[in-house]
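Summary of structural features
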Amino acid sequence: MVSEAKSAIISKMTLSVGKDPAFATDYDWFLACALAARDRATLRFLEGKRVTASDGKKRVYYLSLEFLIGRQLTDVLSNLSLLDVFRAALEDLGVDYERVRSAEPDAALGNGGLGRLAACFMESMATLGIPAYGYGIRYDHGLFRQVIYDGWQEEYPEDWLSFGTPWEFLRTDVVFNVGFGGSVETYVTPAGITRYTWHPGEVVHAVSYDTPMVGWRGRSVNPLRLWSARAVDPLRLELFNRGDFAGASSDQARAEAISKFLYPSDETPSGQELRLRQEYFFVSASLQDLLSRHRRIYGDLHSLPERAAIQLNDTHPAVAIAEMMRLLLDEHGLPWNEAWAITSATFSYTNHTLLPEALETWPLAVFERLLPRHLQIIYFINNLHLEAAKKAFPEEPELLRSVSIIDERDGRKVRMGQLAFVGSHAINGVSALHTDLMRKTTFRDLNRIYPDRIQNKTNGITFRRWLHQSNPGLTAILKEVCGAEVVDNPEVIERLAAHAGDSALQDRIRAVKLANKTALAKVIAERTGVRVDPAALFDVQIKRMHEYKRQLLNLLETAALYDAIRANPDADWTPRVKIMAGKAAASYVNAKFIIKLANDIAQVVNNDPAVRDLLKVVFLPNYNVSLAEVIIPAADLSEQISTAGMEASGTGNMKLALNGALTIGTLDGANIEIRDNVGNDNIFIFGLTTDEVSYRRERGITAGQAIAASPMLAGVLNAVSGGRFSPDDPGRFVQLIDGLRGADRYMVTDDFDSYYAAQRRVDACWNSGEPWTRSAIINIANMAWFSSDRTIAEYAREIWNVPVDL
Ligand code: NTF
């Protein structure tokens, strides 16, 4: 096996990379290994496609504008059971696998939770043997690279594709035309039926690239099909010949802009026309592709719902509802009722956020200019939908306003959430609380009209990447204590619980954690210059920077703790390292100030000899999947402190608990289900509940009371806004802190005291040593349910109607 791998790698190095192994760089070795690994996935990949077609198996199509994959080499090798073989082969060649692995750039085609969930789901679908296609955009530039300069975030373009990627196959035969703009022609057939033809004013090509997604033990390999935009005519020769070189390629630039870059903000749509072009571009290509596949295999489109399930990952691909109708009506000549029955039986939609500002809408004028025929179809869908609503609730004209796909308030808009809901047979939230809030708030009225549509599918994470690959030390212990089958069946992790009090096991768990923390300490030193003690409590908050996620609450507590230590340096403090990482959308001013505050606090605290090693503060730049893989196994405490009701689920919370971090968190998103699984004694819950948050919001209760009631809070707000951490610019944080003194939309001040108290419970528990490790073990033992295999099995059974054995 090892010698086979060796010759495969050498052969790729020589004949595909074109390098003499003696002169190969780490990146060359990565390419050679990736190509050799891809070969081993490819046969399975082609076989899977053949079998699915010949057996008439139902396919799942996962439409997502984001796939946050990260590096793939270890994932692919490990899922093909080839990791040890390749490592040994490289060693024989005198090459270090770690360096080869690190040479791969992250595929960062996503912003955060939503995109990472899509990547975990692709892996789980392949693992469960579900025939699935992921459809998305092959962005030339993924999420920006974050550099921290003088404490401020700066954004630089990300370049994962500049040298190509060895994982993909270009499909020169799978190219579709995607139209924009133009006009709609109406005509009446001899049979008296009105028909419509769309004449787009502009057409671009969608070219496809397939990346094989390998399931655990290579059970199946599914394609991730990403579309790249190309101009139909790359050069306008008449302009070129006249010497107008820029003009000659302007069509090309306009077309290719579509797949140039990922929009870098989550939770707040950009509202830009280019974004709508991206959405429609990948949706249209994907639907044309899957319809042509269906027709090739089955002939008739009426059987689509039995053979295909299309999942909309949030509203970003929701225009698919209108595009499917257009294709069925205008291109395939189906009557409206049949087209609608096929569409709504095939689509389902996942909602990932209820933040009001995050719900996607498009001004009618923009929509009509870009997609005139789709707007007609949407009007038609809406008329029928409102008729049905009127019939069901004749006494409630108010209801029509809330369920309408067209928002009639200030400036008419198309609401993508309503469109996705109306066109789908199943709509799901991503945690129990979030789904409950969907029913009660945003989709309350739609839920009354279609009471059986909303269901819950609590998120999950793939244990292959987030446990086996990123934490081999812990995985080895689990195999020994729970049995080697643990890597196939996470449920047996539960066996660990019986040994939670075993001091030998506790010592081993602590030793693995310490080794992981030592590795992280090294990364921290390299990237920030700060030296931290691996024996200290590693307190971690890693996620996108957002006010609702309340990094600011964490930082205010840090500032308060710093003062408390200075005031009483000889008390029995718990040495802590506060570790924070995350990107802010480039235009999100407050989030960028919060990054600056983290860095300013770090400057002051880390250079104050009075606190010695009792407190260190670190902001790690450029948070991405690869950095997460180093931080998560090294965390002791997981910060999940969003305002209750605002974090739809969270998935970092699951990764951290699975790796033995205890959670300090609010009763929000999947934190609630984590608490239910690990038990109240093994988690630090604090803060307002969702009901208390809405009570305050309704009554307009603002920060004044909380500040008046808490001298510590008042003190820390004064310190930060008075320039204590920004002596070079004392007024720097006045506005940020004034936001808390005024509306305090995210109730940072209300939760401050309770958070501070919960942190002191954390200290006490940590100082007691043994109970901490016991709790960590109980956390690990009870996280099996959060495997994305479980989540995907639920989607398969309850939404897609696809057989699955789990
Ligand atoms: C995110 N939503 C939510 O904020 C997270 O709570 C959740 O865990 C993930 O989705 C996955 O479901 C988004 O990223 C977005 F874009 F919808 F706002």
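Everything numeric in this text was worked out from a predicted model, so none of it was measured.

So, on to a nonpolar patch on the surface. On the surface, a nonpolar cluster with roughly 390 Å² of combined accessible area is contributed by Leu235, Leu237, Phe240 and Phe245. For phenylalanine 240, a relative accessible area of 35% gives the class partly exposed.

Turning next to empty space enclosed by the protein. Tallied over the entire structure, the rule returns 10 cavities of 30 Å³ or more. The space that makes up the largest cavity amounts to roughly 880 Å³. Around the largest cavity sit 47 residues that line it, and Asn111, Gly112, Gly113, Leu114 and Asp266 are the ones nearest its centre. Residue contributions to the lining of the largest cavity peak at 4 residues, all from helix H6 (residues 113-127). Residue composition of the lining of the largest cavity, by class: 18 nonpolar, 16 polar and 13 charged. Volume-wise, the second largest cavity comes out at about 140 Å³. Around the second largest cavity, the lining residues are Ile69, Gln72, Asp75, Val76, Arg116, Ala119, Glu123, Pro212, Met213, Val214, Thr462 and Arg465.

Attention now moves to the pairing of strand S17 (residues 426-429). Alternating positions in S17 separate into two faces, Ala426 and Asn428 on one and Ile427 and Gly429 on the other, with burial throughout. Of the pairings in the sheet, the one linking strand S13 (residues 347-350) to S17 comprises 3 bridges and is parallel in character. Following the sheet pairing, tyrosine 349 is matched in S17 by isoleucine 427. Two strands pair when backbone bridges link them, and S17 and strand S18 (residues 454-456) are joined in this way by 3 bridges, in the parallel orientation. Along S18, the bridge assignment pairs isoleucine 427 with isoleucine 454.

Read from one edge of the open sheet, 3 strands run S14-S16-S15, paired in antiparallel fashion. The open sheet has two edge strands with one neighbour each: strand S14 (361-363) and strand S15 (406-407). Relative to strand S16 (residues 413-415), S14 runs antiparallel, the two sharing 3 bridges. Note that in S16 the partner of threonine 361 across the bridge is arginine 415.

Quick look at the layout of surface pockets now. There is about 1,300 Å³ of room inside the largest pocket. Forming the walls of the largest pocket are 40 residues, and the residues nearest its centre are Thr74, Arg101, Gln469, Ser470 and Pro472. When residues of the lining of the largest pocket are traced back to their parent elements, those giving at least two are helix H3 (73-79), helix H4 (83-92), helix H5 (97-102), helix H20 (463-469), helix H21 (472-482), helix H22 (503-528) and helix H25 (625-631). Counting residues per element, the lining of the largest pocket draws most heavily on H22, at 6 residues. Within the lining of the largest pocket, the residues separate by chemical class into 14 nonpolar, 12 polar and 14 charged.

It is worth spelling out the domain arrangement of the protein at this point. Split into domains, the protein comes out as domain 1 (1-55 + 72-105), domain 2 (56-71 + 106-459 + 792-800) and domain 3 (463-786). For domain 1 and domain 3, the distance between their C-alpha centroids amounts to 37 Å. Of the residues lining the interface, 6 residues belong to domain 1; the matching set on domain 3 comes to 4 residues. Between domain 1 and domain 3 lies a buried interface of about 340 Å² when both sides are counted; carbon and sulfur atoms form 36% of it.

This next bit is on unusual backbone geometry. In the Ramachandran plot, glutamate 267 falls in the positive-phi region, its phi being about 65° despite a non-glycine side chain. Its location among the elements puts glutamate 267 in the loop between helix H9 (250-256) and helix H10 (273-298). For glutamate 267, a relative accessible area of 17% puts it in the buried group. The phi dihedral of arginine 550 is positive, around 60°, even though this residue is not glycine. Inspection of the secondary structure assignment puts arginine 550 in the loop between strand S19 (537-542) and helix H23 (551-567). When its relative accessible area of 1% is taken as the criterion, arginine 550 is described as buried.

Criteria and cut-off values
Residues numbered from 1 in each chain as written. Predicted model: local features only at pLDDT ≥ 70, side-chain atom pairs only at ≥ 80, totals over all residues. Heavy atoms only, no water. Patch = residues over 30% accessible without salt bridge, like charges linked within 9 Å, V, L, I, M, F, W, Y side chains within 5 Å. Areas by Shrake-Rupley, 256 points an atom, 1.4 Å probe, with all protein chains shown as cover. Salt bridge = Lys/Arg side-chain N within 4 Å of Asp/Glu carboxyl O. Buried < 20%, exposed > 50% of the residue type's maximum accessible area, 1.4 Å probe, protein only. 1 Å grid on protein atoms, 1.4 Å probe; cavity = no way out; pocket = protein on both sides within 12 Å on 5 of 7 lines; lining within 4 Å. Points joined across faces, edges and corners; volume = space filled by probe spheres on them. Helix = DSSP H or I, 4+ residues; strand = E, 2+ residues; numbered from the N terminus. Nonpolar A, V, L, I, M, F, W, Y, C, P; charged D, E, K, R; others polar. Pairing = 2+ DSSP bridges. Domains from an automatic or database assignment. Contact = heavy atoms within 4.5 Å. Buried area = accessible area lost by both parts, 1.4 Å probe.

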